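Residue strings, one per chain:
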Amino acid sequence: TTFPYTLEYSKSAKVITESSVFRAPYWVNINYPEYNGIVYISYLKVDNNLMQLMEDSRSFVMKLIPKVNAIDERVIINRPNNIYGLIYEISGDKAASPYQFFLTDSVNHFVRGALYFNNVPNNDSLRPVISFIKQDMEHMIRTFRWKNL
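Our subject in this report is the structure included herewith.

Cut-offs and rules
Residues numbered from 1 in each chain as written. Predicted model: local features only at pLDDT ≥ 70, side-chain atom pairs only at ≥ 80, totals over all residues. Heavy atoms only, no water. Salt bridge = Lys/Arg side-chain N within 4 Å of Asp/Glu carboxyl O. Helix = DSSP H or I, 4+ residues; strand = E, 2+ residues; numbered from the N terminus. Buried < 20%, exposed > 50% of the residue type's maximum accessible area, 1.4 Å probe, protein only. Pairing = 2+ DSSP bridges. Axes fitted to C-alpha atoms, helices over the stretch in contact; angles between N-to-C directions. Contact = heavy atoms within 4.5 Å.

**Focus on the pattern of salt bridges**
Inference 1: This model, assessed by the stated rule, comprises four salt bridges.
Inference 2: One salt bridge in this structure joins R74 and E89, with 3.1 Å as the shortest N-O distance. Remark: E89 occurs in strand β6 (residues 83-91) and R74 occurs in strand β5 (residues 70-78); sequence separation between them is 15 residues.
Inference 3: Residue class for E89 comes out partly exposed when judged on its relative accessible area of 22%.
Inference 4: One salt bridge in this structure joins E138 and R74, with 2.4 Å as the shortest N-O distance. In this pair, E138 sits in helix α2 (residues 123-143) while R74 sits in strand β5, placing the two residues 64 residues apart along the sequence.

**Thoughts on unusual backbone geometry**
Inference 1: Phi is positive for N82, which is not a glycine, with a value near 60°.
Inference 2: Structurally, N82 is set in the loop between β5 and β6.

**Comments concerning the sheet that holds β5**
Inference 1: One open sheet holds the seven strands; their spatial order is β2-β3-β4-β8-β7-β6-β5, and the pairing between them is antiparallel. The sheet is open, and its two edges are formed by β2 (14-17) and β5, each paired on a single side. Averaged over all neighbouring strand pairs, the angle between strand axes comes to 15°, with direction disregarded.
Inference 2: In this sheet, strand β7 (residues 99-104) lies alongside β6 in antiparallel orientation, the contact comprising six bridges. Pairing of E89 across the sheet is with Y99, part of β7.
Inference 3: Each of β4 (37-45), β5, β6, β7 and β8 (109-117) touches helix α1 (residues 50-62); the most contacted strand, β8, lies at about 10° to it.

Quick look at the structure:
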């Protein structure tokens, strides 16, 4: 694609690029129609605003606090590919988004991903599906690369 990044995703998912005026360029939805779930991937150009982009990502996660049991953070450092970020694993029956992450090269690019389901959160019954999609998202992160355009 002409996107500034590349990643691998599951064959059970369908990728939809958004072209509405409310979406920024290079945003994509990775739909899991069988599970009624979507991984929203948003891309933003870094322009002396990296701290704000990271804080915005953290704020999205922190808004979930009233409905979650725990938020575990994992640091991502992939020096050979210039990829740095955080993974947020969010546990709790009523968590609207059980898995989120952001990736950056710290200079030019910033990508945020978040898993949501198109139904009322009941993560106890969704646990096997969340686990499956979480594995897919971790594969997306492992295979993620910036492209030189």
